[in-house]
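# Coordinates in review
Below, each chain spelled out in residue letters.
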Amino acid sequence: MNVGIVCYASVGGSGIVATELAKALADRGHQVRLISTEMPFRWPQYPAGLAFHAVQTPGYPLFREPQYLLSLANKIVQVSREHGLDIIHAHYAIPHAAAAYLARQILSNAADGKVPRVITTLHGTDVTLIGSDSSYSETAAFCIDQSDGVTAVSKSLRDHTYRQLPVRADIQVIPNFLDCGIHRRSPDPDLRARFTGGDEKMRLVIHVSNFRPVKRTDTVVDIFARIHARVPSRLLLVGDGPELDKAGRRARDLGISNAVEQLGDQEQVVPLLSLADLFLLPSEQESFGLAALEAMACQVPVVASDVGGLPEVIDHGVTGYLHPPHAIDAMADSGVNLLTDAALHRRVSEAALATVLQRFCANAIVPQYEAFYRDVIAGRLAPTPTRV
Ligand code: GMT
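A quick note: this is a predicted structure, and the numbers were derived from the prediction, not measured. (Residues numbered from 1 in each chain as written. Predicted model: local features only at pLDDT ≥ 70, side-chain atom pairs only at ≥ 80, totals over all residues. Heavy atoms only, no water.)

## Points about the overall build of the protein chain
Per the secondary structure count, the protein chain includes 15 helices and 13 strands. For the protein chain, whose C-alpha radius of gyration is 22 Å, the value lies close to the compact-globule estimate of 21 Å for 388 residues. Dimensions of the protein chain, computed from C-alpha atoms along their principal axes, come out at roughly 70 × 45 × 40 Å. Out of the 388 residues in the protein chain, the part that is buried amounts to 56%. For the protein chain, the share of sequence-separated contacts (at least 6 apart) that also reach a separation of at least 24 residues comes to 70%. Of the roughly 16600 Å² that the protein chain leaves accessible, carbon and sulfur atoms contribute 49%. (Helix = DSSP H or I, 4+ residues; strand = E, 2+ residues; numbered from the N terminus. Rg over C-alpha atoms; globule rule 2.2 N^0.38 Å. Buried < 20%, exposed > 50% of the residue type's maximum accessible area, 1.4 Å probe, protein only. Contact = heavy atoms within 4.5 Å. Areas by Shrake-Rupley, 256 points an atom, 1.4 Å probe, with all protein chains shown as cover.)

Have a look at this one:
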């Protein structure tokens with residue numbers, strides 16, 4: 001198949017999943033064209049079957065805002081005309097579903113040429129936060145419904161979408177996945193010693209995110225402070241975003257900044273996850289929690305919020321621990337238990353890895369996307385009443 005994948009290439013789960021899907025589809029013999037404003041994070045060099053098309057959004061003195069939606073739709077039309085796309089797969093509904101819809105309308109308006117099918121994958125904040133905002137809700141719902149196929153990364157997100165938006169499309173759940181050949185624990189004792197100072201008793205707690213308010217990164221520091229008071233430990237904060245400063249301030253206010261290290265954005269997270277003993281994810285909302293899955297693949301037990309799709313990834317008490325997002329003491333207690341009971345730590349980290357290998361590797365999930373593409377192309381899905 002000829003597939004065009006549209007995504008935000010910046011650091012973030014939706015861009016990572018879209019890029020991993022593009023790579024996996026190309027490996028399986030498809031021709032894949034990734035359309036984005038910048039070359040994605042983790043993009044391979046000279047990959048067979050993969051091409052990258054950059055969207056440029058020229059400014060003009062009259063415009064006070066960049067016209068990304070129009071330039072993206074324009075680029076999708078050009079790529080589709082030139083390369084005969086069968087599928088345009090939009091990752092993150094806003095505004096990618098709208099751009100894909102517009103591109104399809106333009107292509108169907110021409111007398112000749114192929115008209116690709118549009119698939120939208122909902123990732124989370126495109127529905128739960130931004131898509132539900134009254135400034136976007138009507139256009140978001142309309143464009144999701146106009147897609148020829150819609151997927152969501154968890155059952156929770158699918159249900160949330162039906163509750164939150166007037167969407168009538170039949171949403172299929174296809175969970176996120178990892179390249180399990182890359183995402184596996186690869187310990188580097190020298191790197192670990194750099195963070196522990198060579199102290200065998202020192203435990204390393206990690207948090208990886210884009211430091212948006214939804215991640216509650218100041219709470220990560222609060223939980224860590226409680227752990228640090230009971231277990232010799234250091235906190236590694238990986239990633240950057242608007243809340244990083246606040247997290248640093250919280251560590252200073254609590255008098256633990258010496259135990260908190262900010263590593264900023266890192267392209268390679270596997271070496272860092274591979275030296276960690278515990279991952280904290282006390283998010284307000286998480287439609288799936290790809291960061292938790294990456295940690296589990298590296299055998300790092302996760303203590304997270306019991307929200308959204310996280311219970312579909314983490315089995316509480318078996319492959320990690322889930323608590324209400326504001327139960328800071330309970331999260332700290334679970335963290336301390338994991339860091340002080342070696343047998344428990346081993347049991348949970350092994351169960352976490354087993355779950356990833358059984359359910360969330362590319363070889364289990366990518367065929368689900370391929371089958372969905374085939375169904376959409378063959379028109380085998382139930383029609384959405386509002387589609388025009
Ligand atoms: O989390 C974000 O801030 C944005 C978004 C993204 O584009 O990375 O994350 C969402 O999509 C990920 C990939 O499907 C999911 O793993 C995250 O759980 C989801 N984030 C939220 O729902 C908050």
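## Brief notes about the site of the ligand
Lining the immediate environment of the ligand, one finds 17 residues, of which G13, S14, H123, E286 and S287 sit closest. One of the backbone N or O atoms of G13 is found 2.4 Å from an oxygen atom in the ligand. Here E286 contributes a side-chain N or O atom positioned 2.7 Å from an oxygen atom of the ligand. For the ligand, the accessible surface in isolation is 480 Å², of which the surrounding protein chains cover 93%. Here the shell around the ligand is composed, by residue class, of 4 nonpolar, 11 polar and 2 charged. Two domains each donate at least three residues to the shell around the ligand, and these are domain 1 (2-177 + 362-378) and domain 2 (189-359). (Near = heavy atom within 4 Å. Polar contact = N/O pair within 3.5 Å; in protein donor to acceptor, adjacent residues only side chain to side chain. Nonpolar A, V, L, I, M, F, W, Y, C, P; charged D, E, K, R; others polar. Domains from an automatic or database assignment.)

## Some points on the nonpolar core
Soluble globular proteins tend to pack their nonpolar side chains together in the buried interior. Counting residues in each nonpolar core, the largest one holds 83 residues, and the members touching the most others are I5, L122, I206, L273, F279 and I314. In terms of residue count, the dominant contributor to this core is helix α1 (residues 13-27) (8 residues). Mapped onto the domain boundaries, this core takes at least three residues apiece from domain 1 (2-177 + 362-378) and domain 2 (189-359). The residues contacting I5, other than those within four sequence positions of it, are A18, L21, A22, L25, V32, R33, L34, I35, H89 and H91. (Core = buried A, V, L, I, M, F, W, Y, C linked by side-chain atoms within 4.5 Å.)

## With respect to a nonpolar patch on the surface
On the surface, L69, L70, L102 and I106 cluster together into a nonpolar patch covering about 300 Å² of accessible area. Those elements giving two or more residues to the nonpolar patch turn out to be α2 (68-83) and α3 (93-109). (Patch = residues over 30% accessible without salt bridge, like charges linked within 9 Å, V, L, I, M, F, W, Y side chains within 5 Å. Salt bridge = Lys/Arg side-chain N within 4 Å of Asp/Glu carboxyl O.)

## Focus on the packing of aromatic side chains
Taken as a whole and judged by the stated rule, the model has 6 aromatic pairs. Their ring planes at 80° and their centres at 5.9 Å tell us that F288 and F360 sit as a pair that is edge-to-face. Linking F288 in the loop between β11 (278-281) and α11 (290-297) with F360 in the loop between α14 (342-359) and α15 (362-377), this pair joins segments that are 72 residues apart in sequence. Taken individually, F288 and F360 each receive the classification buried, so the pair is uniform in this respect. Members of the aromatic cluster, connected to one another through ring pairs, are Y8, Y68 and Y92. (Phe/Tyr/Trp six-rings, centres within 6.5 Å; stacked < 30°, edge-to-face > 60°.)

## Things to note about the sheet that holds strand β1 (residues 2-6)
Read across the open sheet, the 7 strands follow the order β3-β2-β1-β4-β5-β6-β7; overall the sheet is parallel. Each end of this open sheet is capped by a strand with a single partner; those strands are β3 (50-54) and β7 (171-173). Shown here is a sheet whose adjacent strand axes are inclined to one another by a mean of 25°, direction ignored. Judged from the 3 bridges that link them, strand β6 (residues 149-152) and β7 form a sheet pairing that is parallel. Residue pairing for β7: V150 is matched across the bridge by I171. (Pairing = 2+ DSSP bridges. Axes fitted to C-alpha atoms, helices over the stretch in contact; angles between N-to-C directions.)

## Considerations on the pairing of strand β9 (residues 233-238)
For β9, the buried fraction is high: 6 of the 6 residues fall into the buried class. What you see with β9 is no split at all: S233, L235 and L237 on one side and R234, L236 and V238 on the other are buried throughout. Bridging between strand β8 (residues 203-208) and β9 involves 6 bridges; their strand directions are parallel. Across the sheet, the residue bridging to R203 is S233, located in β9. As a crossover connection, the stretch from β8 through helix α8 (residues 217-228) into β9 is right-handed. Examined bridge by bridge, β9 and strand β10 (residues 260-264) share 4 bridges and lie parallel to one another. Following the sheet pairing, V238 is matched in β10 by G264. This β-α-β element, β9 to helix α9 (residues 244-253) to β10, shows right-handed connectivity. (Right-handed = clockwise from strand over helix to strand, strands pointing away.)

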